[in-house]
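Structural description and commentary
Given next are the chains, with one letter for each unit.
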Amino acid sequence: MGLRVLAVDDSKTMRDMVGFTLRNAGHEVLEAGDGQDALDKLGQDKVDLIITDVNMPRMDGITLIKELRQHAVHKATPILVLTTESDASKKNEGRAAGATGWIVKPFSPDKLLQVVSKVCP
Amino acid sequence: MPQDFNLEQFKVTYFEECHELLASAEEHLTLLQNDLGNVDVEVLHAIFRCVHSIKGGAGAFNFTDLIDFTHSFETLLDKLREGEIPVSAELVEVLYEATDILSTLVQRAQANEDSDPQVWEKTKQKLEAYLNSEAPSADHRDAIVDYDLTPEQEDAQGWGLFVDVVDDTPAPEVTSQAAQNFTPNYKIKFVPEPHLLRFANEPLLLARELSSLGTYVAHADLSRLVDLDQINPDEAYLSWTFELETDAPKSAIEEVFEFVVDDCELLIEEIAEAGEQKAPAAEKVAKVKSAPKIDEPVIESRPPTVEPTDQEPAQLSAPQTTQLQETSDDRAPALEAGKEAPKATLKQQAKISSIRVELDRVDRLVNMVGELVISQAMLRQQVENLIPEDSHVMAQGFEDLSAHTRELQESVMAIRMQPVKSVFARIPRMVRELSARLGKKVDLITQGEMTEVDKTVIEQLMDPLTHMIRNSLDHGIETQEERLKSGKPERASIKLSAEHRSGRIQIEVSDDGKGINRQRVLEKAISKGLLPSDHNLTDDEIDNLIFAPGFSTAEEVSDVSGRGVGMDVVRRNVVSLGGRISVFSSPGEGTRFLMSLPLTLAVLDGMIVRCGQEKYIIPLTSVIESIHPIAEEIQPLMNGAMMVSMRGQYIRIVNLHKLFNINGAVNDPTHGLVVIVETERYGHVGILVDELLGQQQVVIKSLEENYDPIDGVAAATILGNGKVALILDVDGLADMEHGSERHRTFANLEQQVLLTGEKAHGHD
């Protein structure tokens, strides 16, 4: 498969786990610590998928998604939002902002890969 | 791959992160508490994120206690930051308590132990009390989608918007996947809303997912398709009807469309065995949500959708970047409880101006640079004799090499340097809580938090610091009444400062309390047999008796001052790091603790001495002086040991050659050099060596790691000539020399009681 994925989360543990799962499946994973970091790292370079948490300093996930959906380069990139079970409203907020889908934490690596293959060609 | 997805590897990172997050949460709580009248919502957001992140990881590792507790904590914080619950002083206290509990739970998780629910149940209830007192608002989280709505009700809710589209329009395009014996058991109608593509949801991918469930035949509906010159590439015009043959349950089909349900019309019908469709009327289902087990909120109004690109994006609000106030300096260092503190604003760290590096890597770097220093020194020594006199270039070359290596070493050592701030940061809260418990009003003044010290030393600072402060609070500072009576201000103050001095870090903890009660100290020391009643100690010496071993016992140390650990243990620990600690007191005016530590534990300044053919290193910080005694000054003892008289004191000689069995060494002190060193338990002793060879900064190499611990030896190093030299442990040697005679005699005690730190007048 070999997708280029950007993982955005202020928790290093989360980034590590997402990165590990995806890299093991043969994907390339970039990491960012918050929304602003994500935009900076993306620049004008397209990626195949963006996975982002919601609660982050500087720029949160919802804002990031909105920004991405307005960005000439990234507006059609699949975006998955990481949300917790107990906060279903975040799913909708994410969706409303333009997320392609969501992953509920805690997730199993299989589930993560399954969702990824659902939204990525 | 999934089989070897071992979570263990992430736990280390997680727990490290938890510690950082907890520290950050406490810092922010302090900010919050200092400015209750003017709550900065960013502070609340920050605290929320800390707890949220801890919870996230806890979920991944299934730490049930942690998950349970953090959930309540997080929910409360969420409401706080949304402004649904007001912040009050009592609430902040509960938050502090919850943070403590959180810290305990994390520790338990890290130690792989379960925690006693009693530990956290109470606090959890307090948290929930705040949540329940809130006026019940329509908690939309718990609403369940009602599947049994009538079409009229659906219309009323807005679901009926797309009902009209269910027409039988002509000219379906057929995509056939099926082989001959194709008996579909589901009919799926999928009509995407025009904006679906803007979510990057691809109908093609949905179809692909369907095909993983079985075989399908798709009929495309082109009725919404416009002319080519009017087509907007971001809009969806097509819709499909899929006939699917599958063994999968309906929920699996629903799951295929789980992300797009709100942005399409979806109808999943079972086809009866005979190939007929079930009566559509009865099957008119409201928008299918994902598998019922997940509770979905009822969406009362349609959420704002992404606008088409050729229109003004008016609907999207301007990006709400959370701009934190940027200033160039750090948070105000003095967190003075109660005083009119300037509003501590949240400062943002410069954009990625630092990176995280694993400590292992830095250690390896330090080690390698240390080896480089040694290699360079060796090379230089070899070559020194070979450099012809007129080869200035070569000589210069080596000078440069030496200088660069030294600089490299300093830079590398600097990498591990950290400001003591991380240790100081926990003190304000300690002071606040203890003073509250003791009913005393205390202000804490901190200075020099940015003073840097090696990471290895930082970790060792907390303990002695804690004890010094507790000591001040418990014994030094008087109650408010006492203070007022003696004309002092009601609020006591404790000053905590750090600075670099003579190549070391000096930490001072001073208070304006009543000072050390010398009478009581003397009485205690005498009653414990540490001191004869006809002693002649000076005031300073009496004060420092508190460090004497056995001075404080468990039953006397109050609960506040800590678990029965006395100042003697504190001093022992400090000294074992190569540090010194002492106390100065002014009755009625205050007490001052002075602690100095080396800047790093990886490198030390050593005095190189020779004993026989062997070279040893004596840490310079332990060395007082060295003397060439004359016969008259030597006093042999009955058991064969020797003392040397110095300024009226008798100092025990440590016969290194005997202890280490060195042949050919000087065994007559008058023919050798006696290096007077300070030891923890025996005061001053003199180590007999052949001669002094020089002074050098050496890289400390652990003996335990490379060999085994050896009595009398602290560590090892490699000298310029490539030989291994042992770094002496002066306390260990003194121990070995005294052998069986471990009891203290008066002469030794007096020395022991002498200051081991800077004297009162700054004399080192």
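Since this is a predicted model, take the numbers as computed values, not measurements. (Residues numbered from 1 in each chain as written. Chains lettered and ligands numbered in written order. Predicted model: local features only at pLDDT ≥ 70, side-chain atom pairs only at ≥ 80, totals over all residues. Heavy atoms only, no water.)

**Overview of the overall build of chain B**
- For chain B, the count of helices and strands is 22 helices and 23 strands.
- The 764 residues of chain B split such that 45% are buried.
- Taking as baseline every contact in chain B between residues at least 6 positions apart, the subset at least 24 positions apart corresponds to 71%.
- For chain B, the exposed surface amounts to about 39300 Å²; the carbon and sulfur share of it is 50%. (Helix = DSSP H or I, 4+ residues; strand = E, 2+ residues; numbered from the N terminus. Buried < 20%, exposed > 50% of the residue type's maximum accessible area, 1.4 Å probe, protein only. Contact = heavy atoms within 4.5 Å. Areas by Shrake-Rupley, 256 points an atom, 1.4 Å probe, with all protein chains shown as cover.)

**Focus: the packing of helix α4 (residues 89-110) of chain B against helix α5 (residues 117-132) of chain B**
Residues and elements named next belong to chain B.
- Where α4 meets α5, the closest approach of the two axes is 10 Å, and the angle between their N-to-C directions is 145°. For the crossing formed where α4 meets α5, the hand is left-handed. Residue-level contacts link Glu90, Leu91, Val94, Glu97, Ala98, Ile101 and Leu105 of α4 to Val119, Trp120, Thr123, Lys126, Leu127 and Tyr130 of α5.
- Broken down by class, the residue content of the contact of α4 with α5 amounts to nine nonpolar, one polar and three charged. (Axes fitted to C-alpha atoms, helices over the stretch in contact; angles between N-to-C directions. Left-handed = near helix turned anticlockwise from the far one by under 90°. Nonpolar A, V, L, I, M, F, W, Y, C, P; charged D, E, K, R; others polar.)

**Some remarks on the packing of aromatic side chains**
Residue and element names in this part refer to chain B.
- On inspection of all chains with the given rule, the structure shows 14 aromatic pairs over all chains.
- Seen in terms of ring centroids, Phe69 and Trp120 are 6.4 Å apart; in terms of plane orientation they differ by 75°. Their pairing is edge-to-face. Placement of Phe69 in helix α3 (residues 64-81) and of Trp120 in helix α5 is noted, with a sequence separation of 51 residues between them.
- Its relative accessible area of 0% is what places Phe69 among the buried residues. (Phe/Tyr/Trp six-rings, centres within 6.5 Å; stacked < 30°, edge-to-face > 60°.)

**Notes on empty space enclosed by the protein**
- In the structure shown here, the tally under the stated rule is ten cavities of 30 Å³ or more.
- Its volume calculated, the second largest cavity comes out at about 90 Å³.
- If you trace the second largest cavity, you find 14 residues lining it, with Lys118 and Val119 of chain A together with Asn201, Leu206 and Phe259 of chain B closest to the centre.
- Looking at the lining of the second largest cavity, the elements that each hand over two or more residues are α5 (109-119) of chain A together with α7 (203-211) of chain B.
- Broken down by element, the lining of the second largest cavity gets its largest block of residues, three residues, from α7 of chain B.
- Broken down by class, the residue content of the lining of the second largest cavity amounts to eight nonpolar, two polar and four charged. (1 Å grid on protein atoms, 1.4 Å probe; cavity = no way out; pocket = protein on both sides within 12 Å on 5 of 7 lines; lining within 4 Å. Points joined across faces, edges and corners; volume = space filled by probe spheres on them.)

**Some remarks on helix α11 (residues 392-415) of chain B**
Residues and elements named next belong to chain B.
- In this model α11 runs 35 Å from its N-terminal to its C-terminal C-alpha over 24 residues, within 8% of the 34 Å that 1.5 Å per residue would give.
- The complete set of buried residues in α11 reads Phe398, Ser402, Thr405, Gln409, Val412 and Met413.
- In this structure, the buried residues of α11 make contact with α10 (359-384), β6 (417-419), β8 (452-454), β13 (603-611) and β21 (691-699). (Expected span 1.5 Å × (residues − 1).)

**Remarks on the sheet that holds strand β17 (residues 642-646) of chain B**
All names here are of chain B.
- Within the open sheet, the six strands sit side by side as β15-β19-β20-β18-β17-β16. Their pairing is mixed. Whereas interior strands pair on both sides, the edge strands pair on one side only; in this sheet they are β15 (623-627) and β16 (634-636). Each strand of the sheet is rotated relative to its neighbour by a mean of 35°, with strand direction disregarded.
- Of the strand pairs in this sheet, β15 and strand β19 (residues 673-679) are connected by four bridges, and their pairing is antiparallel. Residue Glu625 lies in a different strand from β19, and its bridge partner there is Ile676.
- Contacts between helix α21 (residues 730-738) and the sheet are confined to β18 (649-654), β19 and β20 (683-689), with β18 contributing the most and set at about 95° to the helix. (Pairing = 2+ DSSP bridges.)

**Remarks on the side chain of Arg58 of chain A**
- The residue Arg58 of chain A is located in the loop between β3 (49-52) and α3 (61-70) in this model.
- A polar side-chain atom of Arg58 of chain A sits 3.1 Å from a polar atom in the side chain of Asp34 of chain A. (Polar contact = N/O pair within 3.5 Å; in protein donor to acceptor, adjacent residues only side chain to side chain.)

**Notes on the sheet that holds strand β22 (residues 713-718) of chain B**
Residues and elements named next belong to chain B.
- Spatial ordering of the open sheet is given by β21-β13-β14-β23-β22, a layout of five strands whose pairing is mixed. Two strands lie at the open edges of the sheet, namely β21 and β22, each paired on one side alone. Here the strands of the sheet are splayed against their neighbours by 35° on average, with no regard to which way each runs.
- Sheet topology places strand β14 (residues 614-619) next to strand β23 (residues 724-728); two bridges connect them, and they run parallel. Across the sheet, the residue bridging to Ile617 is Ile727, located in β23.

**With respect to the pairing of β13 of chain B**
Residues and elements named next belong to chain B.
- In terms of residue burial, β13 counts as a mostly covered element, since seven of its nine residues are buried.
- Pairing between β13 and β21: eight bridges, direction antiparallel. Bridge pairing in β21 links Gly606 to Gln696.
- The sheet contact formed by β13 and β14 spans six bridges and is antiparallel. Among the inter-strand pairings, Arg610 is bridged to a residue of β14, identified as Lys615.
- Between the antiparallel neighbours β13 and β14 lie two residues, among them Gly612 with a positive phi of about 65°.

**Focus: the packing of helix α2 (residues 35-42) of chain A against α3 of chain A**
Residue and element names in this part refer to chain A.
- Closest axis-to-axis distance for the α2/α3 pair is 9 Å, and the angle between their directions is 30°. Taken as axis vectors, α2 and α3 run roughly parallel relative to one another. Here Gly35, Ala38, Leu39 and Leu42 of α2 lie close against α3, whose contacting residues are Leu64, Glu67 and Leu68.
- Residues that form the contact of α2 with α3 fall into these classes: five nonpolar, one polar and one charged. (Parallel < 35°, antiparallel > 145°, perpendicular 65-115°, else oblique.)

**Topic: the pattern of salt bridges**
- Applying the stated criterion across every chain yields a total of 32 salt bridges over all chains.
- Taking the shortest distance from any N to any O, the salt bridge between Arg58 of chain A and Asp34 of chain A comes out at 3.1 Å. In this pair, Arg58 of chain A is assigned in the loop between β3 and α3 and Asp34 of chain A in the loop between β2 (28-32) and α2, connecting sequence segments 24 residues apart.
- Taking the relative accessible area as the measure of exposure, Arg58 of chain A reaches 15% and is therefore buried.
- Owing to a relative accessible area of 9%, Asp34 of chain A belongs among the buried residues under this scheme.
- Between Arg610 of chain B and Glu691 of chain B there is a salt bridge whose closest N-O contact spans 3.0 Å. Placement of the pair is Arg610 of chain B in strand β13 and Glu691 of chain B in strand β21, with a sequence separation of 81 residues.
- Residue classification places Arg610 of chain B among the partly exposed positions, given a relative accessible area of 25%. (Salt bridge = Lys/Arg side-chain N within 4 Å of Asp/Glu carboxyl O.)

**A word on the nonpolar core**
- Grouped together as the largest cluster of nonpolar side chains are 102 residues, with contacts concentrated most on Ile51 of chain A together with Phe190 and Phe257 of chain B.
- Broken down by element, the residue count for this core peaks at eleven residues, all from α4 of chain B.
- In this structure, Phe257 of chain B is in contact with Ile188, Phe190, Leu206, Leu210 and Leu266 of chain B, ignoring residues within four places of it in sequence.
- In terms of nonpolar packing, the next biggest core, distinct from the first, is built from 48 residues, Val442, Met462, Ile469 and Phe551 of chain B among them. (Core = buried A, V, L, I, M, F, W, Y, C linked by side-chain atoms within 4.5 Å.)

**Digging into the environment of Glu8 of chain B**
Residue and element names in this part refer to chain B.
- With respect to the helices, strands and loops of the structure, Glu8 is situated in helix α1 (residues 8-34).
- According to the relative accessible area criterion, Glu8 is partly exposed, its value standing at 43%.
- For the pair Glu8 and Phe61, spaced 53 residues apart in sequence, the C-alpha separation works out to 8.7 Å.

**Details of the confidence of the model for chain B**
Residues and elements named next belong to chain B.
- Here chain B averages 75 in pLDDT, and 76% of its residues register 70 or above.
- Here residues 275-351 scores under 50 on pLDDT; set against residues more than four positions off or in separate chains, the count is 126 contacts.
- This complex was scored by the predictor with a pTM of 0.47 and an ipTM of 0.89. (pLDDT = per-residue confidence, 0-100.)

**A short note on the side chain of Thr99 of chain B**
Residues and elements named next belong to chain B.
- Mapped onto the elements, Thr99 comes out in helix α4.
- Thr99 gets classed as buried once you look at its relative accessible area, which sits at 3%.
- Within polar-contact distance, the side chain of Thr99 engages the backbone oxygen of Leu95 at 2.7 Å.
- Setting aside chain neighbours within four positions, we find Thr99 in contact with Leu22, Ala25, Glu26, Leu29 and Phe73.

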